[in-house]
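Chain residues, written in single-letter form:
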Amino acid sequence: MTKKELSQLYYLKREIKEQQKRLEELETLATACTARITGMPHGTGINDKIGKYAARIADLKGLLDLNLKKCFYELNRINRFIESVQDSEMRMILTLRYIQNLSWQKISFIIGYQDESVPRKRHDRFLRKTKMTEMSELKVLK
């Protein structure tokens, strides 16, 4: 598994947060629009505006649902990869980095190092080694 693949969970979570924020904004606008409709004559265009908000909200909820499913899929995929790692320290590093989204500095302190570069460099070496192993396995299959 590559660093980019492992990082997808982080970016999916950020995308979901942004979509949730946008959904709240749209729902607030739709609610404000609905509140103004009382006492107004029909045909003022507010009904059209509410309809547009409702359609955008429905679309965004669909996207949000899809991204939540992707997020659970990625979380399971990353967890399976981490569980397959033999070295317990490396499992801990990968979990802290990709599941808990901690910085290298926090990871180093949790594991017991003063320098953030130690777990980062071990992580990078592990991923390079894993990639090389995967590539050699693919060559054998061909």
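For the structure, check the block above.
Just so you know, these numbers come straight off a predicted model, no measurement behind them.

**A closer look at the pattern of salt bridges**
Tallying each qualifying case throughout the model produces eight salt bridges. The partner of Arg22 in a salt bridge is Glu25, and the shortest N-O contact between them spans 3.2 Å. Here Arg22 pairs with Glu25, and both are found in helix α1 (residues 3-37), just three residues apart, close to one helical turn. By relative accessible area, Arg22 is classed as partly exposed at 33%. Looking at Glu25, the relative accessible area reads 36%, which means it is partly exposed. Salt-bridge contacts for Arg120 lead to Glu116; the nearest nitrogen and oxygen are separated by 3.3 Å. Judged by relative accessible area, Arg120 falls into the partly exposed class, the value being 26%.

**Observations concerning the environment of Arg97**
Along the chain, Arg97 turns up in helix α3 (residues 88-99). The partly exposed category is assigned to Arg97, whose relative accessible area is 25%. Sequence separation between Arg97 and Ser7 is 90 residues, and the spatial gap between their C-alpha atoms is 9.1 Å. Those residues in contact with Arg97, other than ones at most four positions away along the chain, are Leu102, Ser103, Trp104 and Ile107.

**A closer look at the packing of aromatic side chains**
Scanning all chains against the criterion turns up two aromatic pairs. Ring geometry for Tyr10 versus Tyr11: centroids 4.9 Å apart, planes at 80°, classification edge-to-face. Summarising the aromatic geometry, the rings of Phe81 and Phe126 are spaced 6.4 Å apart at their centres and angled 50° between planes, so their arrangement reads as tilted. A residue pair is termed long-range when its members are at least 10 positions apart, and Phe81 in helix α2 (residues 46-84) and Phe126 in helix α5 (residues 117-141) qualify at 45 residues. Phe81 gets classed as buried once you look at its relative accessible area, which sits at 13%.

**Comments concerning α3**
Over its twelve residues, α3 extends 15 Å from the first C-alpha to the last, a length consistent with the 16 Å expected when each residue adds 1.5 Å. Along α3, the residues classified as buried are Met90, Ile93, Leu94, Leu96, Tyr98 and Ile99. The opening residue of α3, the one whose side-chain oxygen lies 3.0 Å from the backbone nitrogen of Glu89, is Asp87. The first or second residue beyond α3 is Asn101, which carries a positive phi of 55°.

**Describing the packing of α3 against helix α4 (residues 104-111)**
Following both chains from N to C, one finds α3 and α4 inclined at 145°, their axes separated by 10 Å at the closest point. Handedness of the crossing formed by α3 with α4: right-handed. Together, Glu89, Met92, Ile93, Leu96 and Arg97 of α3 and Trp104, Ile107, Ile110 and Ile111 of α4 make up the contact between the two elements.

**Side note on the side chain of Glu74**
If you trace the backbone, Glu74 turns up in helix α2. Owing to a relative accessible area of 10%, Glu74 belongs among the buried residues under this scheme. Every residue in contact with Glu74, bar those within four places of it in the chain, is listed here: Glu5, Gln8, Leu9 and Leu12.

So, how was this worked out
- Counting starts from 1 at the beginning of each chain's written sequence and moves along it residue by residue.
- Restriction of local features to residues with pLDDT of at least 70 applies here, the model being predicted, together with a cutoff of 80 or more for giving and counting side-chain atom pairs; totals for whole chains, interfaces and linings are based on all residues.
- Computation of side-chain values: all heavy atoms of the structure, hydrogens and water removed.
- Salt-bridge detection follows one rule: a side-chain nitrogen of Lys or Arg within 4 Å of a carboxyl oxygen of Asp or Glu.
- Strands are runs of DSSP state E lasting at least two residues, helices are runs of H or I lasting at least four, and both sets are numbered from the N terminus onward.
- Buried means the residue's accessible area, taken with a 1.4 Å probe over protein chains only, is under 20% of the maximum for its type, while exposed means over 50%, and partly exposed covers the values in between.
- Contacts between residues were defined by any pair of non-hydrogen atoms, one from each residue, lying within 4.5 Å.
- Pairing of aromatic rings covers Phe, Tyr and the six-membered ring of Trp, with a centre-to-centre limit of 6.5 Å; geometry is then stacked below 30 degrees between planes, edge-to-face above 60, and tilted otherwise.
- For a helix, the expected span equals 1.5 Å multiplied by the residue count minus one.
- By the criterion applied in these results, polar contacts are pairs of N or O atoms within 3.5 Å in which, for protein atoms, one can donate a hydrogen and the other can accept it, and in which residues neighboring in sequence qualify only through two side-chain atoms.
- Under this scheme, a helix contributes an axis fitted over its contacting stretch, all axes are lines through C-alpha atoms, and angles between N-to-C directions fall in the 0 to 180 degree range.
- In this scheme the crossing of two helices becomes right-handed for a clockwise turn of the near helix relative to the far one and left-handed for an anticlockwise turn of less than a right angle.

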